[in-house]
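# Survey of secondary and tertiary structure
Residues per chain are reported as follows:
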Amino acid sequence: MIDFAKGDGLVPVVIQDDQTLEVLMLGYMNEEAWGKTQREGKVTFYSRSKERLWTKGEESGNFLHVVSTHVDCDEDTILIKVNPVGPTCHTGSRSCFGTDFNQNFLLQLERIVRQRYEQPSDESYVNRLRQRGINKIAQKVGEEAVETVIAALAETEHDFINESSDLFFHLLVLLREKGLDLKNIAKNLEGRHQ
């Protein structure tokens, strides 16, 4: 239950990318906006300046598709994890907070790899690699791991970063080929940490 009375009928709503976990924006909802968001699966806010409901993307087409909703322990703030269509900010930026780069780009890259699997294209390196089978994908991970070790021991920092990037990319493809994702790895590492 959300306590809309605490904020004179409005509660703050934090919008977070479900895949990358990046905070995209902050808005406000009244009870009517909350109900519409739940019914339609697209984030609808109450605009304090326009004094009306507005669905994010109603003009731009950059909708925020609801993946999950979470109410805080005081029942006066909402976190909505979304699958954004296009940039979130009216300035054309990915996030309204103007971060220099997506700190969670590995998670976004995982989404791109998944999209290449779901919508294969002849121009896609992921698709060409996938067509060669799991043995070739696993071999590429091994090759990139060796190249990363060599770069760490005998090459420049720039080379090491490039080889590490290649290793991460090919590991993401291998995870997808096995039907797994970074959440599986994160849960396993968290369990080991405890």
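Fair warning: this is a prediction, and the values are worked out from it, not measured in the lab. All residue numbers here refer to positions counted from 1 along the written sequence of the relevant chain. Residues qualify for local features only when their pLDDT is at least 70, as the model is predicted, and side-chain atom pairs are given and counted only at 80 or more; totals for whole chains, interfaces and linings, by contrast, use all residues. Derived side-chain values reflect all non-hydrogen atoms in the structure, with water molecules and hydrogen atoms excluded from consideration.

To continue, consider the pairing of strand β5 (residues 64-71). Two faces, one strand: in a regular strand the side chains alternate between the faces of the sheet. Inspection of the sheet shows β5 paired to strand β6 (residues 78-84) by seven bridges, in the antiparallel sense. Within the sheet, the bridge partner assigned to L64 lies in β6 and is P84. Should DSSP find at least two bridges between two strands, the strands are regarded as paired. A helix here means a DSSP run of H or I that spans at least four residues, while a strand means a run of E at least two residues long, and both kinds are numbered starting from the N terminus. Between β5 and β6, which pair antiparallel and follow one another directly, the connecting turn spans six residues, one of which, E75, has a positive phi of 60°.

This brings us to the packing of helix α4 (residues 134-154) against helix α5 (residues 157-177). In the contact formed by α4 and α5, the axes pass within 8 Å of each other and the chain directions differ by 160°. Judged by the angle between their axes, α4 and α5 are roughly antiparallel. Once α4 is placed against α5, the crossing between them reads as left-handed. Across from I134, I137, A138, K140, V141, E144, A145, E147, T148, A151 and A152 in α4, the residues of α5 making contact are D159, F160, E163, S164, D166, L167, H170, L171, V173, L174 and E177. Looking at the contact of α4 with α5 residue by residue, the classes come out as twelve nonpolar, three polar and seven charged. Where helices are involved, their axes are fitted lines through C-alpha atoms of the stretch in contact, as for all axes, and angles between N-to-C directions lie from 0 to 180°. Here the angle decides the label: under 35 degrees means roughly parallel, over 145 means roughly antiparallel, 65 to 115 means roughly perpendicular, and every other value means oblique. Crossing handedness is read from the near helix: turned anticlockwise from the far helix by less than a right angle, it gives a left-handed crossing, and turned clockwise, a right-handed one. Contacts were defined at the residue level, with two residues in contact if any of their heavy atoms lie within 4.5 Å. Lys, Arg, Asp and Glu make up the charged group, whereas Ala, Val, Leu, Ile, Met, Phe, Trp, Tyr, Cys and Pro make up the nonpolar group; the residues left over, Gly among them, are polar.

For the rest of this paragraph, the subject is the side chain of D18. Looking at where D18 falls in the secondary structure, it is placed in the loop between β1 (11-17) and β2 (23-29). Among buried charged residues, D18 stands out as having no salt bridge; its nearest opposite-charge side chain is K183, 4.2 Å away. Once residues within four sequence positions are removed from consideration, D18 is found in contact with V67, K81, V82 and K183. Exposed residues in this analysis have more than 50% of their type's maximum accessible area, buried residues have under 20%, and partly exposed residues fall in between, with area computed by a 1.4 Å probe over protein chains only. Positive residues here are Lys and Arg, negative ones are Asp and Glu, while His and the chain termini are left out of the count. In what follows, salt bridge is the name for a side-chain nitrogen of Lys or Arg lying within 4 Å of a carboxyl oxygen of Asp or Glu.

Now for the domain arrangement of the chain. Segmentation of the chain into domains returns domain 1 (5-84) and domain 2 (105-191). Between the C-alpha centres of domain 1 and domain 2 there is a distance of 34 Å. Between domain 1 and domain 2, the residue contacts involve seven residues of the former and six residues of the latter. Joining two parts hides part of their accessible area as seen by a 1.4 Å probe, and the buried area is that hidden amount summed over both. Taking both partners together, domain 1 and domain 2 bury about 510 Å²; carbon and sulfur atoms supply 40% of that area. Its largest share of buried area at the contact with domain 2, domain 1 owes to D18, Q19 and T20, together 81% of the area lost on that side. Inspection of the domain 1/domain 2 interface yields one salt bridge. The salt bridge involving D17 is made with R111; its shortest N-O contact spans 2.6 Å. Here a polar contact is recorded for every N or O atom pair within 3.5 Å, except that within protein the pair must consist of a potential hydrogen donor and a potential acceptor, and residues adjacent in sequence are included only if both atoms are side-chain atoms. For the pair domain 1 and domain 2, the number of links is three residue pairs in polar contact (both at pLDDT 80 or more). Of the residues in the side of domain 1 that touches domain 2, the class split is two nonpolar, three polar and two charged. A domain assignment, automatic or from a database, supplies the domain bounds used here.

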